[in-house]
Amino acid sequence: MDEQPPEQPPAADGKLDPRAELSEFLRSRRARLKPEDIGLPSYGRHRRVPGLRREELAQLAGVSVAYYTRLEQGNGRNVSAEVLGAIARALRLTDAEHAHLTHLAKPRQHRRRRTPRTQQLRPALQQLLDSMDSVPGYVVGRRTDLVGWNRLASALFGEWGSLPGQERNWARMVFLSESSRELFVEWETKAADIVSYLRMDAGCHADDPKLSALVGELSVKSEDFRRLWAAHDVQEKGYGTKRLRHPLVGELTLCYETFKLPADEDLSLVTYHAEPSSPSAEALRLLASWGEDATRAGSASREARRD
């Protein structure tokens, strides 16, 4: 039979199971493809499973059904990069999805076993952030943890400095804080992006107990998170546009850019800017001129609206 098993929760030992992650990812990508996408008849209602059957996918990738079945059951120990590439092409994976598949199937070849370092900024990086007084900027690390930010980022997104360390996390703020739904005009897009980043993180750091704990907490507390996590979507968005609805300056349309930090592959610098001479640029200028007052006033305004 070609059944879809239920989404597996984090393991009891505080780790995500790479075999289960691999199995569920492949099943979700196979279910996404329709027979007519690859020139096969769909047979309408007579098909018992969504998407492609295992034998159809195996034939398309040029591997045996037994081999592909073992892989989809989570046994990717001896799979070659060439076979993974063929399966990625058959499934029409994006570059990010292909990389995620490789991390899941061959984790030991893509991650040195070491105790994760404490995520922190070098003083020079914090100085750089502080010098960007007209550009909101922050550094995000594993599990979407906020590691550092400048004053304008705090004025724009919220009074991060007043939060306990564990709460300075984009995933927790987006899914567990009502203010995030007010701030992000396209909240669903922001939420999907966050889950996608966590999925990529899980492929690279399945043995991270803090990541497993975060996924477990969000799965219990947020129906939206459970729905998006079960989709197994992964992507890397290094730039784009976000629309915000700020309590003090109204709606802004900002472009963001993401820069990986070569000295620490788990950290990324994210900056936001507005089109010159636009209303959004004027709104950012106002926030920058108000400084800490904008951060406190924005937080007070959000609290007043909730009351």
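The present account deals with the structure reproduced in this document. None of these values were measured; they are calculated from a predicted model.

Quick word on unusual backbone geometry
Stage number 1. The backbone phi angle of arginine 92 is positive, close to 55°, even though this residue is not glycine.
Stage number 2. The topology assignment puts arginine 92 in the loop between α4 (81-90) and α5 (95-105).
Stage number 3. Arginine 92 sits in the partly exposed class, given a relative accessible area of 48%.
Stage number 4. Even without being glycine, arginine 143 reaches a positive phi, approximately 65°.

Quick word on helix α13 (residues 223-230)
Stage number 1. Those residues of α13 that sit buried are Phe225, Leu228 and Trp229. Down the axis of α13, the buried set is contained in an arc of 100°. They therefore lie on one face.
Stage number 2. Near the N-terminus of α13, the side chain that reaches the backbone nitrogen of aspartate 224, with its oxygen 3.4 Å away, is that of serine 222.
Stage number 3. Following α13 by one or two positions, histidine 232 has its phi on the positive side, about 60°.

Considering α5
At 3.6 residues per turn, the α-helix brings residues three or four places apart onto the same side.
Stage number 1. Of all eleven residues making up α5, eight are buried, and the element is well covered by its neighbours.
Stage number 2. Considered for burial, the residues of α5 that qualify are Ala96, Glu97, His100, Leu101, Thr102, His103, Leu104 and Ala105.

Overview of the pattern of salt bridges
Stage number 1. For the structure shown, the criterion picks out 20 salt bridges.
Stage number 2. As a salt-bridge pair, arginine 227 and aspartate 224 come within 3.0 Å of each other at their nearest N and O atoms. Placement of the pair is arginine 227 and aspartate 224 together in helix α13, with a separation of three residues, close to one helical turn.
Stage number 3. Its relative accessible area of 42% is what places arginine 227 among the partly exposed residues.
Stage number 4. According to the relative accessible area criterion, aspartate 224 is partly exposed, its value standing at 21%.
Stage number 5. The network of salt bridges with shared partners includes Arg29, Arg32, Glu97 and Asp233.

Reading guide: rules and limits
Residues numbered from 1 in each chain as written. Predicted model: local features only at pLDDT ≥ 70, side-chain atom pairs only at ≥ 80, totals over all residues. Heavy atoms only, no water. Helix = DSSP H or I, 4+ residues; strand = E, 2+ residues; numbered from the N terminus. Buried < 20%, exposed > 50% of the residue type's maximum accessible area, 1.4 Å probe, protein only. Arc of directions from axis to C-beta. Polar contact = N/O pair within 3.5 Å; in protein donor to acceptor, adjacent residues only side chain to side chain. Salt bridge = Lys/Arg side-chain N within 4 Å of Asp/Glu carboxyl O.

Read these as geometric descriptors, not functional statements.
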